[in-house]
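Residue-level listing of the chains:
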2 protein chains.
Amino acid sequence: MSNAPDTVVRAFVEDHRDAFLHDLAEWLRIPSVSADPGRADDVRRSARWLADKLAATGFPTVEVWETPGAPAVFAEWPSGDPQAPTVLVYGHHDVQPAAREDGWHTDPFEPVVTDGRMYARGAADDKGQVFFHTLGIRAHLAATGRTAPAVNLKLLIEGEEESGSPNFPGLVRARAERLACDAVIVSDTGMWSEDTPTVCTGMRGLTDCQIDLYGPDQDIHSGSFGGAVPNPALEAARLAAALHDADRRVAIPGFYDGVVELTDEERELLAELPFDEARWLRTAHSHATLGEAGHTTLERVWARPTAEVNGISGGYQGPGGKTIVPSRAQLKLSFRLVAGQDADAVQKAVTAWVADRLPAGVRHEITFWGATRPCLTPLDHPALQSVVRAMGRAFGQRVRFTREGGSGPAADLQDVLGVPVLFLGISVPSDGWHAPNEKVELDLLMKGVETAAYLWDDLARHWRPAAAPDA
Amino acid sequence: MSNAPDTVVRAFVEDHRDAFLHDLAEWLRIPSVSADPGRADDVRRSARWLADKLAATGFPTVEVWETPGAPAVFAEWPSGDPQAPTVLVYGHHDVQPAAREDGWHTDPFEPVVTDGRMYARGAADDKGQVFFHTLGIRAHLAATGRTAPAVNLKLLIEGEEESGSPNFPGLVRARAERLACDAVIVSDTGMWSEDTPTVCTGMRGLTDCQIDLYGPDQDIHSGSFGGAVPNPALEAARLAAALHDADRRVAIPGFYDGVVELTDEERELLAELPFDEARWLRTAHSHATLGEAGHTTLERVWARPTAEVNGISGGYQGPGGKTIVPSRAQLKLSFRLVAGQDADAVQKAVTAWVADRLPAGVRHEITFWGATRPCLTPLDHPALQSVVRAMGRAFGQRVRFTREGGSGPAADLQDVLGVPVLFLGISVPSDGWHAPNEKVELDLLMKGVETAAYLWDDLARHWRPAAAPDA
């Protein structure tokens, strides 16, 4: 790769930086808080604002897609090359609630630039990281002399991500034909730290359930009957305790079936990240690490499936004591899943395991709330390699790999569209997502612009998914 | 034992039956509900009524003892024989709440006699069983020609038993000298069934506690951190699950230290009771039996110590799911104790066991609410033998043995006065203690009168505790 295009990109980005930040600030002034019904008009205004800006950027097709809730913005810019890959960029234009009295030093909806940072609700999550694509594509065109991007570019910027994306799966299913693509690039994540650019290669999946246990028909006297009848609170505890073996591996038969294990290379790469346990524990508000034997903390949260007790209850919970055998108990469990695990199979395994373990005299009901599939892109996937190269050029540094322990709407795109999901983010842990004084580092934001500028050309050069549908 | 006194007793009891039932009904009309502050005057009136009746019965000393709550009644009738044993009868004159709309077929405070039963709140628990002593002692005097009972007789009839006896331990400690005796006879229990007269030989003790577990400083995201930090709800469950081994024996080291095991004779005697599991399960509102391996249901509830989960809570308990690692959890445990166990030692064992089992990163606090000691009278104790003989004469049947799984204020008498506690009761499970339509079987009630009539003479003849302080 010659250096010439990089020089052009950098000069273009530098020239347009002030106007870009001015426009971003204008967008950030729109308090598009999707969780607040009183802000519905602002969320709508935010969608309109973005649609206008994407049209001005040059996207020939820009549409505001209505949902039963807040609208999403869709934009499309064909490449003109019949062999070019089609890429869908995902992000969101709604933001978390924010109020001065929550601890903000300045008005959360009046952006302030200080010490190379822009402070505002949505600066990093996710308006800044959506908006860098607008300047990125213009820099891409300027550097390559093209009039259309090297890939078929689509954008889907939803308006309810901060409210749990209730209408997103439906929208994606309804619009699947328009959204058809070869890969999704999620532009709503972060990287390891200011000094360590990284690309996320996958997210964990999730399925969660509630187990209701019924013992005696009413609370009974622990003196008259205790020790001779089953106690559903004890049985709930025994179930929870049996979730893990002595090595804190999940002990449900079949749970690990199909799990894609970390390769030696991936383990080495993760181990190279500058992990500071004390600092990580502060982020976790926790006082010690504990998890599956034989794995590091990062492996445990990013690449290993888990069983977690989200809630447990049964019997007396007021002040003092009450000597009863309780009538009922309840357990809320969640299971994080990794690539290769099948959520339906896990639900079946959990259901069978619960039924097997309860003694006579304890009736139970199990209810699953849903399932989000895990996603994982192999390190050698050509599209992932392009993201890494583009980011490496922008940062002038080796790019490392992370994963994400949580689960998100990206998995809906993966499932419905049947394509790999990639992650491109320049946010850092100190950006304060969902917290007061959210900010974005302007240097990193401009590296995001630069990465987006390099990415489309690199993808078009190195990936021909249409030519190799079996790849 | 000649039959002559029995004939005299029976004739005396028969002659005075109507007047006795008339008086009892008068007492039952006083709604001495200790739990209802609006009935405080009625509880006081009930104490006064009983005091007057005991004085009329012949007790030379009758006193109403005030407490910070409801008053107790104390009465004393010395034998005149310096070698006679001193016996303290315990009962209570307060009753459970009752209202017609709870399902009573008649006014709970207007006694009705039908089919040989008297229906009224307190008929069995405990006014009927206190009151049979008044006619019993008169029959004893009539049959023996004495002017004072063969034993030194004391009565302590408290007024707050149905409210948890909050002032009873303090009263007993403050009046210990007046209450000094060789044995306590608790007249507030029942027997196996109408057809199977029994004597209770002991009650289980109790200690209970709350364990608070603290993990992360706040609820944290189960995707970002789950599987890598300790979860206090899981640890609470693991503690509860570790209370028992695979045989459902309590697994806390030292828990069974000192336990007085059932003798072969006791096990055989308990096995002779006509136990109907289906019927017992209905009483327990339960759908199966489950408990310590190697023991019958009756052994489990009467003679074996237990660890029970009274309550467990932690994390999310609302509708649906919430994927968190909770910050806190709480466990409420109770331990029933049997003779030979030391409550302080059990508390220490539990405390050490909890501290040993929790992983780093989970802080805990343990709070014990209190301790009630177990009590047990050996089958060959001369006073117990007297109770069995007196009851056998009244019922004309072999008397068997039971125990009581619960724990009660009798233990306070045992502990403070340092004497054995015996139990004499003629109530049966169908009497409906604490339930609507409480009743007493009049035939059984008159057997109680008769038992009390035989008991004092038998005790004086066969037991000389003062002469053998080391017995």
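Residues numbered from 1 in each chain as written. Chains lettered and ligands numbered in written order. Predicted model: local features only at pLDDT ≥ 70, side-chain atom pairs only at ≥ 80, totals over all residues. Heavy atoms only, no water.

Participant: I'd like a rundown of the overall build of chain A, residues and numbers included.
Facilitator: Regarding its fold elements, chain A presents 13 helices and 18 strands. Considered along the principal axes of its C-alpha atoms, chain A spans approximately 85 × 50 × 45 Å. Relative to its 471 residues, chain A shows a buried fraction of 59%. Within chain A, counting contacts between residues at least 6 apart in sequence, those at least 24 apart form 80% of the total. With an accessible surface of roughly 17600 Å², chain A has 48% of that area assigned to carbon and sulfur atoms. Computed over 44 positive and 66 negative side-chain charges, the separation of the two mean positions in chain A equals 0 Å. (Helix = DSSP H or I, 4+ residues; strand = E, 2+ residues; numbered from the N terminus. Buried < 20%, exposed > 50% of the residue type's maximum accessible area, 1.4 Å probe, protein only. Contact = heavy atoms within 4.5 Å. Areas by Shrake-Rupley, 256 points an atom, 1.4 Å probe, with all protein chains shown as cover. Lys, Arg positive; Asp, Glu negative; His and termini not counted. Charge placed at Lys NZ, Arg CZ, Asp CG, Glu CD.)

Participant: Summarise the domain arrangement of chain A; cite the residues concerned and give the values.
Facilitator: Residues and elements named next belong to chain A. When its domains are assigned, chain A resolves into domain 1 (4–202 + 374–467) and domain 2 (205–259 + 305–372). Distance from the C-alpha centre of domain 1 to the C-alpha centre of domain 2: 40 Å. Facing 7 residues of domain 1, the contacting portion of domain 2 comprises 8 residues. Between domain 1 and domain 2 the total buried area reaches about 550 Å² when both faces are included, carbon and sulfur atoms providing 66% of it. Area buried by domain 1 at its contact with domain 2 is led by P374, L376 and S407, which between them contribute 73% of it. For the pair domain 1 and domain 2, the interface holds 0 salt bridges. Remark: the boundary between domain 1 and domain 2 carries 2 residue pairs in polar contact (both at pLDDT 80 or more). Here the side of domain 1 that touches domain 2 is composed, by residue class, of 3 nonpolar, 4 polar and no charged. (Domains from an automatic or database assignment. Buried area = accessible area lost by both parts, 1.4 Å probe. Salt bridge = Lys/Arg side-chain N within 4 Å of Asp/Glu carboxyl O. Polar contact = N/O pair within 3.5 Å; in protein donor to acceptor, adjacent residues only side chain to side chain. Nonpolar A, V, L, I, M, F, W, Y, C, P; charged D, E, K, R; others polar.)

Participant: Describe the interface of chain A and chain B, and please don't skip the residues or the numbers.
Facilitator: A common way to express how large an interface is: the accessible area buried when the components associate. Taken together, the contact pairs 75 residues of chain A with 75 residues of chain B. For the pairing of chain A and chain B, the buried interface totals around 5600 Å² over both sides, and the portion due to carbon and sulfur atoms is 54%. If you look at where chain A meets chain B, you find 2 salt bridges. Of the charged contacts in the structure, one is a salt bridge between R248 of chain A and E235 of chain B, with a shortest N-O distance of 2.7 Å. Those elements that provide at least two residues to the side of chain A that touches chain B are β9 (205–214), β10 (220–221), α6 (232–241), α8 (277–283), α9 (297–302), β11 (306–315), β12 (324–325) and β13 (328–337) of chain A. In terms of residue count, the dominant contributor to the side of chain A that touches chain B is β11 of chain A (9 residues). Considering only residue class, the side of chain A that touches chain B consists of 28 nonpolar, 34 polar and 13 charged. As defined by bridge partners, β11 of chain A adjoins strand β11 (residues 306–315) of chain B across 5 bridges and the pair is classed as antiparallel. Its bridge partner lying in β11 of chain B, G315 of chain A is registered against G311 of chain B. (Pairing = 2+ DSSP bridges.)

Participant: Now, about the packing of helix α2 (residues 40–57) of chain A against helix α3 (residues 127–144) of chain A: what can you tell me, with residues and values included?
Facilitator: Residues and elements named next belong to chain A. For the pair α2 and α3, interaxial distance at closest approach is 10 Å and the crossing angle is 15°. On the basis of the axis angle, α2 is roughly parallel to α3. As for the relative orientation of α2 and α3, their crossing is left-handed in sense. Counting all contacts with α2, which are made through S46, W49, L50, K53, L54 and T57, the residues of α3 involved are K127, V130, F131, T134, I137 and R138. Split into classes, the residues belonging to the contact of α2 with α3 amount to 6 nonpolar, 3 polar and 3 charged. (Axes fitted to C-alpha atoms, helices over the stretch in contact; angles between N-to-C directions. Parallel < 35°, antiparallel > 145°, perpendicular 65-115°, else oblique. Left-handed = near helix turned anticlockwise from the far one by under 90°.)

Participant: Residue-level account of helix α6 (residues 232–241) of chain B, with values.
Facilitator: Burial of α6 of chain B is extensive: 9 of the 10 residues sit out of reach of the surface. Contact partners of the buried residues in α6 of chain B: α6 and β11 of chain A together with β9 (205–214), β11, β13 (328–337) and α10 (343–357) of chain B. A side-chain oxygen of the first residue of α6 of chain B lies 2.8 Å from the backbone nitrogen of A233 of chain B; this N-cap is N231 of chain B.

Participant: Run through the side chain of T377 of chain B, naming residues and quoting values.
Facilitator: All names here are of chain B. Looking at the element boundaries, T377 is found in the loop between β15 (375–376) and α11 (382–395). Among the polar contacts made by the side chain of T377, one reaches the main-chain carbonyl oxygen of V421 at a distance of 2.8 Å. In this view, T377 contacts T201, L384, P420, V421 and L422; residues no more than four positions away in its chain are not counted.

Participant: Explain helix α7 (residues 264–272) of chain A to me, using residue names and the numbers behind them.
Facilitator: All names here are of chain A. Looking only at α7, the buried set comprises E266, L269 and L270. Each buried residue of α7 lies within a common arc of 100° when the element is viewed along its axis, so the set occupies one face. When the buried face of α7 is taken as reference, the exposed residues oriented beyond 90 degrees from it are D264, E268 and A271. Turning to α7, the residues buried within the fold contact α9 and β16 (400–404). (Arc of directions from axis to C-beta.)

Participant: Describe the relation of the copies chain A and chain B, naming the residues involved and giving the relevant values.
Facilitator: There are two copies of the chain, and a rotation about an axis plus a shift along that axis relates them. Once chain A is rotated about the relating axis by 180° and shifted along it by 0.0 Å, it coincides with chain B to within an RMSD of 0.0 Å. In short, the pair behaves as if placed about a two-fold rotation axis. Taken as a fraction of all interface residues of chain A, those also at the interface in chain B reach 100%, which identifies the copy contact as same-surface. (Least-squares fit on C-alpha atoms with pLDDT ≥ 70 in both.)

Participant: So what's going on with the UniProt feature "domain: Peptidase M20 dimerisation" (unreviewed entry) in chain A? Residues and values would help.
Facilitator: With numbering aligned to this structure, UniProt lists the feature "domain: Peptidase M20 dimerisation" (unreviewed entry) at residues 202–360 of chain A. Here residues 202–360 of chain A is 30% helix and 23% strand, with 42 Å between the C-alpha atoms at its ends. (UniProt positions renumbered as here; feature names shortened; annotations may be inferred.)

Participant: Could you give an account of a negative patch on the surface, naming the residues involved and the relevant values?
Facilitator: Residue and element names in this part refer to chain A. A cluster of like negative charges, contributed by D264, E265, E268 and D380, occupies part of the molecular surface. Assignment of secondary structure puts E268 in helix α7. Taking the relative accessible area as the measure of exposure, E268 reaches 53% and is therefore exposed. (Patch = residues over 30% accessible without salt bridge, like charges linked within 9 Å, V, L, I, M, F, W, Y side chains within 5 Å.)

Participant: Can you lay out the packing of aromatic side chains for me, pointing to particular residues and giving the numbers?
Facilitator: For the structure shown, the criterion picks out 24 aromatic pairs over all chains. An angle of 10° between the planes, with centres 5.4 Å apart, marks the rings of W27 of chain B and W49 of chain B as stacked. In this pair, W27 of chain B is assigned in helix α1 (residues 4–28) and W49 of chain B in helix α2 (residues 40–57), connecting sequence segments 22 residues apart. You'll find W27 of chain B and W49 of chain B in the same group, each marked buried. Taken together, the ring pairs in this structure connect F20, W27, W49 and F131 of chain A into an aromatic cluster. Taking the ring centre of Y214 of chain B as reference, the NZ or CZ of R363 of chain B above it sits at 4.3 Å. Lying across the ring of Y454 of chain B, R393 of chain B places its NZ or CZ 4.1 Å from the centre. (Phe/Tyr/Trp six-rings, centres within 6.5 Å; stacked < 30°, edge-to-face > 60°. Lys NZ or Arg CZ within 6 Å of the ring centre and 35° of its normal.)

Participant: Tell me what's going on with the environment of G122 of chain A, and back it up with residues and numbers.
Facilitator: Residues and elements named next belong to chain A. With respect to the element layout, G122 can be found in the loop between β5 (117–119) and α3. Along the sequence, G122 and G432 sit 310 residues apart, while their C-alpha atoms lie 10.0 Å from each other. Dropping the residues within four chain positions of it, G122 is found in contact with L28, V95, K127, G128 and E438.

Participant: Give me the pattern of salt bridges: which residues, what numbers.
Facilitator: A side chain of one charge can pair with a side chain of the opposite charge when the charged atoms of the two come close. Counted by the stated rule, this structure contains 60 salt bridges over all chains. Its salt-bridge partner being D42 of chain B, residue R39 of chain B comes within 3.4 Å of it at the nearest N-O pair. On the accessibility criterion, R39 of chain B (30% relative accessible area) is partly exposed. A salt bridge links R373 of chain B to D415 of chain B, with the shortest nitrogen-to-oxygen separation between them at 3.1 Å. Taken as a pair, R373 of chain B in the loop between β14 (363–372) and β15 and D415 of chain B in helix α12 (residues 410–417) lie far apart in primary sequence, 42 residues in all. Among the ionic contacts, a cluster of salt bridges with common partners joins R117, D431, K439 and E441 of chain A.

Participant: Summarise the sheet that holds strand β8 (residues 198–203) of chain B; cite the residues concerned and give the values.
Facilitator: Residue and element names in this part refer to chain B. The mixed open sheet is built from 3 strands, whose spatial order is β15-β8-β16. The open sheet has two free edges, formed respectively by β15 and β16 (400–404), since each of these has just one partner strand. Against the sheet, α11 touches β8 and β16, its axis set at about 155° to β8.

Participant: So what's going on with the side chain of K154 of chain A? Residues and values would help.
Facilitator: All names here are of chain A. Within the secondary structure, K154 sits in strand β6 (residues 152–158). Here K154 occupies a buried position and makes no salt bridge, while the nearest side chain of opposite charge, E76, is found at 4.0 Å. Apart from the residues within four sequence positions on either side, K154 is in contact with F74, A75, E76, T86, V87, L88, V89, E177, R178, L179 and A180.

Participant: Any chance you could break down the sheet that holds β5 of chain A for me, citing the residues and the numbers?
Facilitator: Residues and elements named next belong to chain A. Taken together, 3 strands build an open sheet; the order of strands is β4-β5-β18 and the sheet is antiparallel. Bordering the open sheet on either side are β4 (112–114) and β18 (439–441), each of which pairs with just one other strand. Strand-to-strand, the axes of this sheet are offset by a mean angle of 20°, without reference to chain direction. Looking at chain direction, β4 and β5 are connected through 3 bridges and run antiparallel.

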